[in-house]
Structure formats: structure tokens, C-alpha cells
Amino acid sequence: MEPIQYMRYALTLAKKGRGTTSPNPMVGAVLLKDGKIVGRGFHSRKGEPHAEHMAIKEAGSMARNATLFVSLEPCVHFGATPPCVDTIIREGIRKVFIATPDPNPIVNGRGIKKLSEAGVDVEVGLCEREAIELNEIYNKFITTKEPFVILKAAITLDGKIATGTCQSKWITGEEGRRFVHRLRASVDAVLVGINTIFVDDPLLTTRLTRGKSPKRIVLDSDFRIPGDARVLGEGCIVATTSSQKRRINAEVWQLDGDEMNRVDIGALLREAGRRNITSILVEGGRDVYTSFLKKRLVDKFYVFIGAKIFGESGIPSVGDLGIRSLEDALDVKYTRVKKVGGDVLITGYPHF
Ligand SMILES: NC(=O)c1ccc[n+]([C@@H]2O[C@H](COP(=O)([O-])OP(=O)(O)OC[C@H]3O[C@@H](n4cnc5c(N)ncnc54)[C@H](OP(=O)(O)O)[C@@H]3O)[C@@H](O)[C@H]2O)c1
């Protein structure tokens with residue numbers, strides 16, 4: 001097998017930590033000795049061993065003179081676990097392939113430097129693009145202290161998110177909805193506007209797949225959420241500008257208002273970051289999508305196009321963004337277009 005295949009295997013192992021490692025990155029490691037894999041590991045959650053430690057532990061004495069493939073630069077600092085770099089050096093690993101440097105300012109390049117200085121042969125950049133994409137949430141959070149924002153919408157072929165009578169269940173089929181539940185399991189929080197609570201009364205939990213349910217944030221400036229809304233309960237956060245005190249089964253964040261006296265989403269992202277929420281899936285509705293786009297606060301798009309047309313009376317997916325000429329249009333770079341059941345899923349990144 002070629003080195004690239006071992007690194008791909010390390011990346012596959014890393015993915016086992018999806019949804020559970022936050023605020024830490026997903027990392028996978030493979031140890032190779034005399035053409036045989038003698039150790040493998042992945043980081044499963046904060047406080048648990050790092051991938052390199054697991055792989056080295058499995059290999060035992062076979063780690064000496066072995067080659068390590070690791071999807072992220074090994075750490076140099078004492079966190080919840082001791083520095084991986086020291087263990088790699090102590091165990092006599094001869095060569096280390098690193099997919100990508102760790103953007104964490106307290107690591108960034110130092111792990112690579114320390115290994116090289118100790119005489120370990122280090123190669124950086126194998127499968128780098130895949131490794132960066134895998135940890136896109138972590139990469140943003142660790143450098144900005146704000147969550148990675150994913151806008152997810154289900155629209156009709158003519159760009160509507162609901163009928164004129166506010167019905168949107170369901171624009172997409174079962175497979176698309178299962179994908180959304182997998183997405184929920186992979187993020188720290190989902191977010192909707194209060195109108196979506198009034199109209200759809202969603203649970204916003206992970207049910208159609210295994211995995212944890214994220215926190216559920218409701219933008220509700222005037223604190224109007226009904227006491228029996230299904231979204232309430234453990235893990236629900238109501239973000240409001242109101243100082244009103246009400247006993248409700250949710251955490252309440254009182255935040256600054258924006259220019260329209262609604263919850264300031266910049267302030268919300270900063271507050272979420274302070275609380276180690278590293279990713280937010282914005283699930284609608286139109287006004288909320290509009291706010292995030294107006295403020296250019298979207299990092300990634302998942303847009304499902306259902307095989308339906310609602311016509312003029314339907315609710316458009318996005319409100320007025322003040323765009324009058326083509327040059328002002330928001331550009332998106334599509335990175336994947338895929339058929340999911342009978343629907344189309346477009347994955348993209350903002351180019352604005
Ligand atoms: N197809 C889909 O993917 C999808 C997904 C979700 C929803 N929907 C549909 O969308 C419709 C609801 O959309 P909507 O546009 O009427 O309402 P919405 O976006 O769900 O909620 C908007 C409300 O959120 C509150 N809010 C607080 N801070 C805000 C901020 N910074 N920016 C924007 N809103 C803020 C405002 O009420 P306050 O001023 O009272 O705070 C605002 O009126 C429903 O028909 C629902 O079924 C479709």
C-alpha cells in the first residue's frame with residue numbers, strides 16, 4: 001500500500017469522532033511497522049486519549065522505529081492529556097506523516113518543529129485538503145472563538161420554503177430528512193426563528209439516525225415562545241432581547257438588539273463561542289436566513305431542492321438583501337451536487 005492509503009485510513013478513523021469531539025478536532029492515527037499496521041486510534045471526546053496515544057498503546061513495543069500517519073499535527077501542550085509529541089519522541093517513532101498543521105495558535109507548527117528537532121523525519125501535507133475539510137468547524141472555532149455557521153434549507157424547484165399557508169412539511173423526502181438528522185448529530189447547536197416555532201412547533205432533535213441531539217436555539221426577541229412549545233426542555237436556549245422574567249424550561253440568553261431591535265446575531269455567535277458551541281446549523285425560516293446572509297455570517301450551505309413547485313403564493317427562501325445589480329449578488333461556490341432520494345442536495349461555501 002502507498003502512504004496516501006494509510007493516511008486515508010487515518011482520516012476514516014478520525015470520522016468515528018464526528019459529533020462527539022467538540023470543541024476538540026477529529027483526529028485519526030495509524031502506525032505502520034514493516035508493512036503491517038500495528039496500531040490505530042482516533043480521538044473520541046474531550047478528555048479521552050488522543051489518536052496518536054491510542055495507536056501507540058495498541059502497538060506497544062512495536063512502536064519503536066515505526067511510521068506514524070496522523071491526520072492533524074500532534075499537540076505540544078498539556079491539555080486534558082499530555083503532549084503527543086513527547087510520547088512520539090519517547091517511543092522512538094522514526095517517521096511521521098502529518099496531513100495538516102493544527103491551526104490552534106498554541107500548537108500551529110510547534111509540534112512539527114519539536115519532532116524535527118528531535119530527529120524524527122516529518123512530512124506534512126499528505127491528504128491535506130481532506131484533513132482541512134474534515135475539521136472545518138474546529139478550524140474556524142479555534143482561530144476566531146466563534147461557531148462555524150451552516151445554513152440548511154429545503155426549497156422547492158422554484159425557490160420556496162413553504163406554501164402561502166406556511167406549510168413546509170415536507171418539501172423533501174425521507175432520505176433527505178434522515179441526512180438532516182445526521183447533520184444535527186454532527187453539530188453543537190441548531191437554530192430557528194420564533195415564527196418557525198409558532199408555525200411548525202418542531203422538536204429539532206436527532207431522531208431518524210443514531211447520535212446525540214444538539215442544543216436548540218430559538219431567536220425570540222420579545223420572549224413570546226409558548227410554554228408548551230415542543231422545542232423546550234433540556235438543551236433548549238431562548239435568545240432574546242427582552243428582560244422579561246418567565247419560568248420556562250430552557251436556558252435564556254439576554255442579548256443586545258440589532259438595528260431592527262431583534263436579537264443581534266453577531267452577539268449571539270460571540271455568546272455561543274464563549275460557551276464552547278463550535279457549530280450552529282441554521283434551520284430557518286426565511287427571516288433568519290435573510291439576517292445571516294445580510295450580515296455575511298454563513299460559512300457553509302446545505303440546500304435541498306425538493307421535486308415540487310409552489311408558485312407565486314409560496315414563501316421565498318430569502319427576503320430582501322438589498323441587492324439591485326448583478327455585481328452585488330452573493331456568490332456561492334458549489335462543491336458537491338448529489339441526488340438524495342428524489343431530491344437534490346447542493347453543498348457550497350460562500351464566496352462573499
Ligand atoms: N423549508 C425549510 O427549510 C424551512 C425551514 C424552517 C422554516 N420554514 C418555514 O418558514 C416559515 C417561517 O419563516 P419566517 O421567515 O416567517 O420566520 P422565522 O425566520 O422562523 O422567524 C423569524 C422571527 O425570528 C425572530 N428573530 C429574532 N431575531 C432575529 C434576527 N436577528 N433575524 C431574523 N429573525 C429574528 C423575529 O421575531 P421577533 O422579532 O419576535 O424576535 C422574526 O420575526 C414557516 O412557514 C416555516 O414552515 C421552512
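Rules and cut-offs
- Residues numbered from 1 in each chain as written.
- Predicted model: local features only at pLDDT ≥ 70, side-chain atom pairs only at ≥ 80, totals over all residues.
- Domains from an automatic or database assignment.
- Contact = placed C-beta atoms within 7 Å.
- Nonpolar A, V, L, I, M, F, W, Y, C, P; charged D, E, K, R; others polar.
- Near = placed C-beta within 6 Å.
- Helix = DSSP H or I, 4+ residues; strand = E, 2+ residues; numbered from the N terminus.
- Pairing = 2+ DSSP bridges.
- Right-handed = clockwise from strand over helix to strand, strands pointing away.

Attention now goes to the domain arrangement of the protein chain. On domain assignment, one finds that the protein chain holds domain 1 (3–134) and domain 2 (145–350). Relative to domain 2, the C-alpha centre of domain 1 lies at a distance of 35 Å. Taken together, the contacts link four residues of domain 1 with seven residues of domain 2. Partitioning the side of domain 1 that touches domain 2 into residue classes produces one nonpolar, two polar and one charged.

This part is about the site of the ligand. Lining the immediate surroundings of the ligand are 31 residues, of which Gly193, Asn195, Ser221, Gly284 and Gly285 lie closest. For the shell around the ligand, the secondary structure elements donating two or more residues are strand S6 (148–155), strand S7 (160–162), strand S8 (189–193), helix H8 (194–200) and helix H10 (286–294). Ranked by residue count, the leading element in the shell around the ligand is H8, at five residues. In the shell around the ligand, the residues fall into 14 nonpolar, eight polar and nine charged.

Pairing geometry for strand S4 (residues 95–98) and strand S5 (residues 121–124), over four bridges, is parallel. Paired with phenylalanine 97 across the bridge in S5 is glutamate 123. As a crossover connection, the stretch from S4 through helix H4 (residues 110–117) into S5 is right-handed.

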